[in-house]
Amino acid sequence: MDSTGPAGLGHRGGASGCPLEGSPQSSDRSNLVQTCLQQFTVTVAQLQQIRTSLLGSMEQALMGQNDPAPAVRMLPTYVGSTPHGTEQGDFVVLELGATGASVRVLWVTLTGTEGHRVEPRSQEFVIPPEVMLGPGKQLFDFAACCLTKFLGALPVSNQCLPLGFSFSFPCHQTGLDRSILISWTEGFRCSDVEGQDVVQLLRDAIERQGAPSLNVVAVVNDTVGTMMGCDPELGPCEIGLLVDLGTKACYMEETKHVAVLGEDLGSVCVSIEWGSFCDDEALGPVLTSFDHALDQESLDPGAQRFEKMIGGLHLGELVRLVLVDLAQRGLLFGGCTSPALLSQGSVALEHVAEMEDPSAGTARVLAVLQNLGLSPEASDVELVQRVCAAVTTRAARLCAAALAAILGRLQHSREEHALQIAVATGGRVFERHPSFLSLLKETVMLLAPECGVSFIPSVDGGGRGVAVVTAVVTRLATNRRLLEETLVPFRLDREQLAAVQVQMQEAMAKGLRGEASSLRMLPTYVRAVPDGSERGDFLALDLGGTNFRVLLVRVAATGVQITSEVYTIPELMAQGPGQQLFDHIVDCIVDFQQKKGLVGQSLPLGFTFSFPCRQLGLDQGILLNWTKGFSASDCVGQDVVALLREAIRRRQAVELNVVAIVNDTVGTMMSCGYKDPRCEVGLIVGTGTNACYMEELQNVAGVDGDSGHMCINMEWGAFGDDGTLGVLSTHFDASVDGASINPGRQRFEKLISGMYLGEIVCHILLHLTRLGVLFQGQQTQQLQARGIFKTKFLSQIESDSPALRKVRDILQGLGLSLTSDDALIVREVCQAVSRRAAQLCGAGVAAVVEKIRENRGLEELTVTVGVDGTLYKLHPHFSRLVEATVRDLAPRCKVTFRQSEDGSGKGAALVTAVACRLAQTPRI
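Residues numbered from 1 in each chain as written. Predicted model: local features only at pLDDT ≥ 70, side-chain atom pairs only at ≥ 80, totals over all residues. Heavy atoms only, no water.

Before going further, it helps to examine the overall build of the protein. Of regular secondary structure, the protein possesses 30 helices and 26 strands. In terms of overall size, the protein is more extended than a compact globule, its C-alpha atoms giving a radius of gyration of 39 Å where 924 residues would be expected to give roughly 29 Å. Expressed along its principal axes, the backbone C-alpha trace of the protein runs to roughly 135 × 65 × 50 Å. Looking at the protein as a whole, 57% of its 924 residues are labelled buried. Within the protein, counting contacts between residues at least 6 apart in sequence, those at least 24 apart form 71% of the total. In the form shown here, the protein has an accessible surface area of approximately 36300 Å², with 49% of it arising from carbon and sulfur atoms. Each charge class in the protein can be summarised by its mean position, and for the 76 positive and 102 negative side chains these summaries are 6 Å apart. (Helix = DSSP H or I, 4+ residues; strand = E, 2+ residues; numbered from the N terminus. Rg over C-alpha atoms; globule rule 2.2 N^0.38 Å. Buried < 20%, exposed > 50% of the residue type's maximum accessible area, 1.4 Å probe, protein only. Contact = heavy atoms within 4.5 Å. Areas by Shrake-Rupley, 256 points an atom, 1.4 Å probe, with all protein chains shown as cover. Lys, Arg positive; Asp, Glu negative; His and termini not counted. Charge placed at Lys NZ, Arg CZ, Asp CG, Glu CD.)

Attention shifts here to the state of the cysteines. Summed over all chains, the structure comprises 0 disulfides. Unpaired in this structure, Cys171 has its nearest cysteine sulfur neighbour in Cys190, at a distance of 13 Å. Here Cys250 is not cross-linked by a disulfide; its sulfur's nearest cysteine counterpart is in Cys269, at 3.8 Å. For Cys250, a relative accessible area of 0% gives the class buried. (Disulfide = S-S within 2.5 Å.)

The next subject is the pairing of strand β23 (residues 689–696). β23 sits mainly inside the fold: 8 of its 8 residues count as buried. Relative to β23, strand β22 (residues 679–685) is paired through 5 bridges, and the arrangement is antiparallel. Within β23, the residue paired with Gly682 across the bridge is Cys692. The hairpin turn running from β22 into β23, its antiparallel successor, is 3 residues long. Here β23 pairs with strand β24 (residues 709–713) via 5 bridges, running antiparallel. Each bridged residue has a counterpart across the sheet, and for Glu696 the counterpart in β24 is His709. (Pairing = 2+ DSSP bridges.)

A few words on the nonpolar core. Leu241, Tyr251, Trp274 and Ile406 are the most contacted members of the largest nonpolar core, which has 92 residues in total. The element that contributes the greatest number of residues to this core is helix α12 (residues 378–414), accounting for 20 residues. Setting aside its immediate chain neighbours within four residues, Ile406 contacts Met58, Ile239, Ala249, Tyr251, Ile272 and Trp274. Of all hydrophobic cores here, the second largest spans 89 residues; its members include Met714, Ile752, Leu783 and Leu804. (Core = buried A, V, L, I, M, F, W, Y, C linked by side-chain atoms within 4.5 Å.)

A few words on the pattern of salt bridges. For the structure shown, the criterion picks out 50 salt bridges. A salt bridge links Arg320 to Glu297, with the nearest nitrogen and oxygen atoms 3.9 Å apart. Residue Arg320 is found in helix α9 (residues 312–328), and its partner Glu297 is found in helix α8 (residues 289–297); the two are separated by 23 residues along the sequence. Among the charged side chains, a salt-bridge network with shared partners connects Asp295, Asp300, Arg305 and Lys308. (Salt bridge = Lys/Arg side-chain N within 4 Å of Asp/Glu carboxyl O.)

Here we have 6 strands laid out as an open sheet, ordered β14-β24-β23-β22-β25-β26, and mixed in their pairing. Only two strands of the sheet have a single partner each, and these edge strands are β14 (522–523) and β26 (893–899).

Glancing now at the packing of aromatic side chains. Each aromatic ring pair is described using two quantities: the centre-to-centre distance and the angle formed by the ring planes. Applying the stated criterion across every chain yields a total of 23 aromatic pairs. Members of the aromatic cluster, each reached through a chain of ring pairs, are Phe140, Phe165, Phe167, Phe169, Trp184 and Phe188. Over the face of the ring belonging to Phe611 we find Lys628, whose NZ or CZ atom lies 5.4 Å from the ring centre. (Phe/Tyr/Trp six-rings, centres within 6.5 Å; stacked < 30°, edge-to-face > 60°. Lys NZ or Arg CZ within 6 Å of the ring centre and 35° of its normal.)

Its identity is not glycine, yet Phe333 carries a phi of approximately 55 degrees, on the positive side. Under the relative-accessibility criterion, Phe333 is labelled buried at 4%. Not every positive phi belongs to a glycine, and Lys628 is a case in point at roughly 60 degrees. When you line up the elements, Lys628 lands in the loop between β20 (620–623) and α19 (640–650).

Moving on, we come to the side chain of Glu253. Mapped onto the elements of the fold, Glu253 is located in strand β10 (residues 247–254). Glu253 gets classed as buried once you look at its relative accessible area, which sits at 0%. A distance of 3.2 Å separates polar atoms of two side chains, one belonging to Glu253 and the other to His257. If we skip the residues at most four places from it in the chain, Glu253 touches Leu62, Val258, Gly266, Ser267, Val268, Val270, Arg409 and Ser413. (Polar contact = N/O pair within 3.5 Å; in protein donor to acceptor, adjacent residues only side chain to side chain.)

This is how it looks when you write it as structure tokens:
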């Protein structure tokens, strides 16, 4: 390239700046110029290499890998949200560096979605060169003085005005209003600023100037302002691309990928200071001798190499260097130069844009050149335009390669191959150059054809965007306060949980004595756990919800083998005549017998009936009330075993030997007890919730005997029905209770179980929507449908990875449109509701194990809790929170939690097996 590089920056001829010898013939000039401009051609392969290299540097910087130092800086801006158009209010904006050597002050009024757009007022103040290169204090005093002058001309009240500070230089932000200058660029060289917090420097200067009361809410990179300043009606932009005097970009990254933040949730806008990109392997082949000459004459040789190929501060200079070279080689202007053309900075971006503008015509090109003291010929015009086009085309293509790196990053992190995204564009190159954007679009389509990219020009050059950032920060602060106020009742402290534990122990004691209590403490007549000697084949029925199971359980020396079939209980049967329900159950049993070849065999049968019953014996259970959405008539107050036997008799030629009726909680305890003899507590946390445990027989009123144990079915879902839990109940709980089929009953269950948690979350989301915290305050019919937000959604939303994507999938599946902020809030609501449920459940378990320890007069109890239920098993954090609460409230109990394997099925068979074993044991 040296043979076609700059021939020198001085005059090569006499004083006139013209050569001493004749210029090449016109027919040769075009080819020679084209040969020179070939240096600016960048191939697709080179662009792909730049994209790949830049993407690698971006990811290296995101991960915090500094050895070797990444070629670009990835700086978190602490802007965690994009606007949704509802932002309102008056805001002051101070721009320093965004418009070159000037300070701009704006008064921006945002009117939300309903109001008419109000044009911002602004004033620009030119920064004297001595201020740009002088002490930092002088620069910030100048900026504060500009603020005072601007606001002094407006009817400003004494109220504290929110101010957004646009500071367009590489900074290390440690908060929205804390930003440390890394290095000056764009011609600024003020002393005593690098390494300092520029927000504090501005605040100090404002105080020195005695300016009106201003609250610097946020410091914003001009690129972030560009991204945030798009028209909200065109949709949110998630990438900001600035090509002004310099060039940089920003985009919304998942916080968990930004190592320096150490957080897992949400998004954050990351500023990419890609002007410093300097990978020799990728950039070396596309650097021309003119780039090297420009770099050497710059204020920062060797730095910002990528920016010097793209930024508007340098495009004109590159064109000037090429024109000088071509003129000195006799290929332009008759071989003549001029003092102006030989002066650094004489060709500006505006000149390049004018000369390339096809609507300007030849006359405008000639005028620009003549203003430089040149005497161009008509034939020079087309060649000069080719020079301008070569420089700006390369700049646009390089910029497109960098943008393609961001698109690749988002494709990977979001797992979206066909990414659809909006890019906000800003800066004088976009605004003034006639074809830069079209060249950029064309190249992006070439490098990332699978991405659907729309380009939206930023409003007011980023100034409005800075105001929008300030407004968004203010809105988020208000929303945070409203969210905290809403969720405070769900955040239980240790004192509240300990009170629940004490209240439950008191209710347990009253229920055992037969006194009025919200805990029924029902004897189950299960007096022993398996000892391992049980053998035989048993049938088990499991009725506890809309799915009904029939099981064949074979208990052998080698273990327990289970064969089962699942049958559905239609809603009409669950809520229709009781006789119809039990006839359907027997029909299912007969179908199972026929499929398994059991017709004619009379096997012992255990009936798991997961509803509140008062047992009068092992095979007698009086239904106290339906739960879980059942309301079959003529069953409450009846012996459900008798109802089953009557249905068996109605279905003639069926022989079934019903040995035991078993609560699913008891079955869970027995199932775990088969493997762990220390299992003396059963816990269910699924659609409903309940617990049982082995109580001292002498403490059980109404049952004969003073020695031994009996399993007590607590029916703890009804705990608090006497008003005990009123202080913990929120108005959301009251709404869920009032809409249930059993208002005022099962209050503890309605705070804990899977049937209700989704409804509680839904009521909170509706409340937050009414407050304007969620979904832009737009009420939705979808969330108002009862049962629309299922408890399984809590488990999915709170799963550790990838949480926010799951929130979006679930809510979009419900027909809801949401932002990243909405997703975070929905997740936080789910966490608050499920955490309270787990902690209350843990307080209940702590009450039970403490009761067992006190019964036995032990300093320390070692006990196992058998657990079943989809909420406990499938929720990612529920079990951990339960266990942590038990450890905290019952420190003298060493509690192991063992998840049951088919407790409601195998457990019923084991209760039956134990009963058969005990019946065969000779009485002494």
